[in-house]
Amino acid sequence: MNVLVIGANGQVGQKIVKALADSQHEATAMVRKEEQVENLKELGASRVVLGNLEEDFSDAYEGVDAVIFAAGSGGSTGADKTLTIDLWGAVKAAKYAEEKGVKRFVQLSSIGSGNPDAGGEEMKPYLVAKRTADDLLRNTSLDYTIVRPGSLANEDPVGKIEIAEDGFPSMEGRSITRADVATLLVDVLGRSNTYHKTFEVLQGDTVIEDALKSL
C-alpha cells in the first residue's frame, strides 16, 4: 500500500516513515515546511508532499491507499492549536479520505482519551480533542483503527507490548517506546481484524504481531 503519513515530521511520524520504508508498503510523507522534505526522503519516503492541517490538504491524498494520522500540536502550544490540529485536522483528514475513496485509516490517539474527565486539568483540552476526533472517526464509513498509546519513551524498540480494549487497571510507571508505536501503526494496516477497533497499548510481554492477532 501507498500510505499517507500525516504528521510525518513528528517524533513518531519519522519512525512511521522509516518503518513503512522497511516494510512492503510505501510512504507518502506530508510535511508543513519545504526544509523538512529532504530529511523525510532520507528516512525512506517514496514521496513527500507539502500540506498544512490548518488549511486544505486534500491534494496529499492523490494516489494513496491508506492513511496514518500521527499529527499533534505538541506540548509547547496552547489549546487553540490543540483544537485546530489534534481535533479539526483529524476531522478533515478523515473527511478527505472518505471523499477520495481511501478506506483504510489508522489514527494515533492517546491513552486517557477514553475518559478525559479523569485526566488532570492541564491535559484535559488535549484528551477532549483526541476523544472527540476518535468519536467522529468512528462515525465515518472508513475502515479505521484507533491506537491509544501511553506515555511515550525515546528508548530503543522492545518489540513487545500489551493491548487493552477496555483500559488498563493501572498505568503507573509504564510507558511505550515511540519506535514500538510506529511499528504497531504500520503492522495494523493490513490486519482486517483491527478494523473498527479502538485499543490502548503499553510496553508488555507479547510480541507486537501476536498481540495484534488477539484483537
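So, a few notes on the structure that sits alongside this text.

Conventions we followed
- Residues numbered from 1 in each chain as written.
- Predicted model: local features only at pLDDT ≥ 70, side-chain atom pairs only at ≥ 80, totals over all residues.
- Heavy atoms only, no water.
- Axes fitted to C-alpha atoms, helices over the stretch in contact; angles between N-to-C directions.
- Helix = DSSP H or I, 4+ residues; strand = E, 2+ residues; numbered from the N terminus.
- Parallel < 35°, antiparallel > 145°, perpendicular 65-115°, else oblique.
- Left-handed = near helix turned anticlockwise from the far one by under 90°.
- Contact = heavy atoms within 4.5 Å.
- Nonpolar A, V, L, I, M, F, W, Y, C, P; charged D, E, K, R; others polar.
- Salt bridge = Lys/Arg side-chain N within 4 Å of Asp/Glu carboxyl O.
- Buried < 20%, exposed > 50% of the residue type's maximum accessible area, 1.4 Å probe, protein only.
- Phe/Tyr/Trp six-rings, centres within 6.5 Å; stacked < 30°, edge-to-face > 60°.

## Some words on the packing of helix H1 (residues 11–21) against helix H5 (residues 178–187)
- Between H1 and H5, the shortest axis-to-axis distance is 8 Å and the interhelical angle comes to 50°. When the axis of H1 is compared with that of H5, the two are oblique. Once H1 is placed against H5, the crossing between them reads as right-handed. From H1, Gln11, Val12, Lys15, Ile16, Ala19 and Leu20 reach across to H5, where they touch Arg178, Ala179, Val181, Ala182, Leu185 and Val186.
- For the contact of H1 with H5, a count of residues per class yields 9 nonpolar, 1 polar and 2 charged.

## Considering the pattern of salt bridges
- For the structure shown, the criterion picks out 13 salt bridges.
- In this structure, the salt-bridge partner of lysine 18 is aspartate 22, at a minimum N-O distance of 3.3 Å.
- Overall, lysine 18 belongs to the partly exposed group, its relative accessible area being 43%.
- By relative accessible area, aspartate 22 is classed as exposed at 58%.
- With a closest N to O distance of 3.3 Å, lysine 130 and aspartate 86 form a salt bridge. Placement of lysine 130 in helix H4 (residues 124–138) and of aspartate 86 in helix H3 (residues 79–100) is noted, with a sequence separation of 44 residues between them.
- Residue lysine 130 is classed as buried on the basis of its relative accessible area of 4%.
- Classification of aspartate 86 as buried rests on a relative accessible area of 1%.
- Taken together, the salt bridges that share partners define one network made up of Asp187, Arg191, Glu209 and Lys213.

## Some details on the packing of aromatic side chains
- Applying the stated criterion across every chain yields a total of 3 aromatic pairs.
- Ring centres of tyrosine 61 and tyrosine 96 lie 5.9 Å apart, and the angle between their planes is 75°; this geometry places the pair in the edge-to-face category. Residue tyrosine 61 is found in the loop between strand S3 (47–50) and strand S4 (66–69), and its partner tyrosine 96 is found in helix H3; the two are separated by 35 residues along the sequence.
- On the basis of relative accessibility, which here comes to 2%, the residue tyrosine 61 falls in the buried class.
- Connected via pairs of aromatic rings, a cluster forms that spans Phe57, Tyr61 and Tyr96.

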